[in-house]
Amino acid sequence: MPLHYLYLVLAVAAETIGTTALQASQQFTRVGPSLLVVVGYGLAFYLMALTLRHMPVGIVYAIWSGLGIFLIAIIGWVVFGQRLDLPAILGLLLILAGILVIHLFSNTAGH
């Protein structure tokens, strides 16, 4: 795996952790999760910036935000008991399909 893809995967993971902590922070009333939000987002943006050295911003942001949306929806369902109806599930699958199309078929994805 090229290093810039590793940076992007780690950026998505950091953003996902930060967003999960945002829910757990209870609107920034809990210190530990609130600090994790700041660290998670800071690390996510730093790693995304490293990825931008090798990939176009539109592609990086599409993958970063798309995977983040997909993962947070799954975490919300599993960890926080948030329901997903059929249209939400179909939409998430379309997001995932779009990411796969970019990664597998686009020459601008930097692989």
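What this report covers is the structure whose coordinates are included nearby. (Residues numbered from 1 in each chain as written. Predicted model: local features only at pLDDT ≥ 70, side-chain atom pairs only at ≥ 80, totals over all residues. Heavy atoms only, no water.)

The subject of this paragraph is a nonpolar patch on the surface. There is a patch of nonpolar side chains on the surface, built from Met1, Leu3, Leu6, Val9 and Leu10 and spanning about 500 Å² of accessible area. On the secondary structure map, leucine 6 appears in helix α1 (residues 3–24). (Patch = residues over 30% accessible without salt bridge, like charges linked within 9 Å, V, L, I, M, F, W, Y side chains within 5 Å. Areas by Shrake-Rupley, 256 points an atom, 1.4 Å probe, with all protein chains shown as cover. Salt bridge = Lys/Arg side-chain N within 4 Å of Asp/Glu carboxyl O. Helix = DSSP H or I, 4+ residues; strand = E, 2+ residues; numbered from the N terminus.)

Turning our eyes to something else, we now look at the environment of tryptophan 64. Here tryptophan 64 lies in helix α3 (residues 57–78). For the pair tryptophan 64 and glutamine 27, spaced 37 residues apart in sequence, the C-alpha separation works out to 24 Å.

Moving on, we come to helix α4 (residues 86–105). For α4, with 20 residues, the first-to-last C-alpha span of 28 Å sits near the 28 Å given by 1.5 Å per residue. Buried residues of α4: Leu92, Ile99 and Ile102, and no others. Considered in projection along α4, the buried side chains sweep an arc of 80° and stay on one side of the axis. Exposed residues lying more than 90 degrees from the buried face of α4 are Leu86, Pro87, Leu94, Leu104 and Phe105. Turning to α4, the residues buried within the fold contact α3. Between a side-chain oxygen at the N-terminus of α4 and the backbone nitrogen of alanine 88 the separation is 3.0 Å; the capping residue is aspartate 85. (Expected span 1.5 Å × (residues − 1). Buried < 20%, exposed > 50% of the residue type's maximum accessible area, 1.4 Å probe, protein only. Arc of directions from axis to C-beta. Contact = heavy atoms within 4.5 Å. Polar contact = N/O pair within 3.5 Å; in protein donor to acceptor, adjacent residues only side chain to side chain.)

By themselves these figures say nothing about function.
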